[in-house]
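Observations on chain architecture
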Amino acid sequence: MELTGWVKNYEWGRRGINSAVAQLAMANDPDFRLNEEEPYAEMWMGTHVCGVSVVKETGETLDRVLKKDLSYLFKVLSINKALSIQVHPNKCEAERLHKERPEIYKDPNHKPELAIALTPFLALVGFLPASDIRDYIDEFQPLSKLIGAEAVDQLHESPDGQSVKLCYEKLMKTEESVIAKCINEIAKNYQKELKSNDLLEVFTKINQDFPGDVGVLSLFFLNLIRLKPGQAIYLGANEIHAYLDGDCVECMACSDNVIRAGLTPKYKDVDQLLNSVIFDSAENEHKTFIPYRIDEQVQVYIPPVSDFAVISVNIDHSLESYKLAIQAFGSILIVLKGSRTLKLKTQQRDKEIVLTRGSIVYIPVEAAPEIEFAQAEDCDDDFSGYIATSNYFRVP
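The sections below set out a description of the structure shown in this document.

Comments concerning unusual backbone geometry
A cis amide bond links Ala368 to the next residue, Pro369, at an omega of 15°. Looking at the secondary structure, you find Pro369 in the loop between strand E22 (360-363) and strand E23 (370-375). A positive phi is found at Asp198, a non-glycine position, where the angle reads about 60°. By the element assignment, Asp198 lies in the loop between helix H9 (191-196) and helix H10 (200-209). Unusually for a residue other than glycine, Asn238 sits at a positive phi of about 70°. Within the secondary structure, Asn238 sits in the loop between strand E12 (232-235) and strand E13 (241-253).

Quick look at the structure:
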C-alpha cells in the first residue's frame, strides 16, 4: 500500500522548499501545495492518532485498514530552530501521566527514539561528565554566581550525578529575570570563552530564537553532538535532549509523550522533568549509535527496545536486483533517492511498485520472507531509503 505522510507545520520547522519535509511531501503527494512562508517541521508515517497515514489508493487511514496500531511511529524532521529541552517518560510514568493529565500527555506509552541524520545535524544529548560541567561553571562566572556557592562547592568536592542534579535543579528553578541577566552577561562578556569551547555560534543562535530562556544555559550541562549524514543517536527513557538544527529520519515507539522544560513556547513541566531525568553522564563520543551492517547494501539500527528498528537500504545503480530478507512484521519504507521497482507479495497477488524519491510504502506481513528491489527503467542514480519495522533483530 502506497501511503501519504501527515505533515506538521510547527514553528521550529524549516520554511518552504528549504525543508526536507516539504521536499518529500511534494514528491509524495501530487495534491501537496507548497507555501514558501510556511514552516514544514515533521512528516509522520504510521498509525498514531495525532497523524495517521492515509492509503493513497482508497483514502482510508492506515489504522483502519490494519485494524490495529503499529508499535512504532516513523518521521522525517526538518529543524530550523531548537526543539525543546525534553525527556520522554518510561512506560510506568507514561501510564500515570496520561491518567492524571491526558490533555498534556496524550497516550500511555513510552517513547524511546532513534534519530538518523540526513544532513549535518546538531543536538544536545545527555549530561556531560560532572568534571566538564564543573569546568564550565568555573569558567563562566555569571553561571557560577547564579547556581550559588553551596551547589558549586559540592560539585567540586564530589563531581557526580548527585551534585550535577543539585546544580541543574538550582538552574531550572531560578527566576526568569535572573536567568535572562546571566545569559546577557555571558553573551556580552564571554565571547572569547564561548568561541574557545566551540559554543559561540550555537549559544548566539538559540539565544536569538529563545532570548533569556533557561534552555540556553543547558549548553553548559549537556553534550553537544554534531552528526554527519547517516550517523545516529538513540534516546532511551528519561534521557535529556534537544534537537537544534538539521534534517533527520526519526523512529520511536508509537507515542507523542514529551516532558518539556526549556526552549519552547509550550507548557514546561519542570518538576516532572527533574523527577524523571537521568543525571548520570557520559563522554560525547559514546553518544552516537552504531548500526549493524548486514552487507554492502544494508545496515540496521537496532535499539535496545522491542518497539522498532530501522533498516537503511543503499543500492548501487549498477546492481540489477537486490533481495532483502524480512520477517513477518508490518513495515514502512520511505525513499530518499533514486528509483527501483519494489516486488513483493500481498494478500491479493504479487505486486510491483515503482519507487521514486518521496515514495512511502506499507510493506505487509505477508511480504515475508523477502522483498526485491529491481532496477527501474532509465535510472542511473543510486537508490537509498529507510524502513521502519518492529525490532525482530533483538535477541530477547
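More follows now that the structure is in view.
What to know about helix H3 (residues 91-100)
Every buried residue belonging to H3 is among Glu93, Ala94 and Leu97, and all of these are buried. Angular distribution of buried residues about the axis of H3 spans 100°; they occupy a single face of the element. The exposed set on the far side of H3, more than 90 degrees from its buried face, consists of Cys92 and Lys99. On the buried face of H3, the contacting elements are strand E14 (259-262) and helix H11 (270-276). The distance from a side-chain oxygen at the start of H3 to the backbone nitrogen of Cys92 is 3.2 Å, and the residue carrying that oxygen is Asn90.

Structural notes on the packing of aromatic side chains
This structure, assessed with the given rule, holds 16 aromatic pairs. With centroids separated by 5.1 Å and ring planes inclined at 85°, the aromatic side chains of Phe127 and Tyr168 adopt a geometry described as edge-to-face. In this pair, Phe127 sits in strand E10 (residues 121-127) while Tyr168 sits in helix H7 (residues 161-172), placing the two residues 41 residues apart along the sequence. On the basis of relative accessible area, Tyr168 is assigned to the buried category, the value being 0%. Ring geometry for Tyr234 against Phe289: centres 5.7 Å apart, planes inclined by 40°, an arrangement best described as tilted. Taken as a pair, Tyr234 in strand E12 and Phe289 in the loop between H11 and strand E15 (292-293) lie far apart in primary sequence, 55 residues in all.

Re the sheet that holds strand E20 (residues 340-345)
What the four strands build is an open sheet, ordered E18-E23-E20-E21; its pairing is antiparallel. Strands with a single pairing partner mark the edges of an open sheet, and in this sheet they are strand E18 (321-325) and strand E21 (350-355). On average, each strand axis in the sheet is tilted by 20° relative to the strand beside it, whichever way the strands run. Two elements, E18 and E23, share five bridges in a ladder whose sense is antiparallel. Residue pairing for E23: Lys323 is matched across the bridge by Glu372.

Cut-offs and rules
Residues numbered from 1 in each chain as written. Predicted model: local features only at pLDDT ≥ 70, side-chain atom pairs only at ≥ 80, totals over all residues. Heavy atoms only, no water. Helix = DSSP H or I, 4+ residues; strand = E, 2+ residues; numbered from the N terminus. Buried < 20%, exposed > 50% of the residue type's maximum accessible area, 1.4 Å probe, protein only. Arc of directions from axis to C-beta. Contact = heavy atoms within 4.5 Å. Polar contact = N/O pair within 3.5 Å; in protein donor to acceptor, adjacent residues only side chain to side chain. Phe/Tyr/Trp six-rings, centres within 6.5 Å; stacked < 30°, edge-to-face > 60°. Pairing = 2+ DSSP bridges. Axes fitted to C-alpha atoms, helices over the stretch in contact; angles between N-to-C directions.

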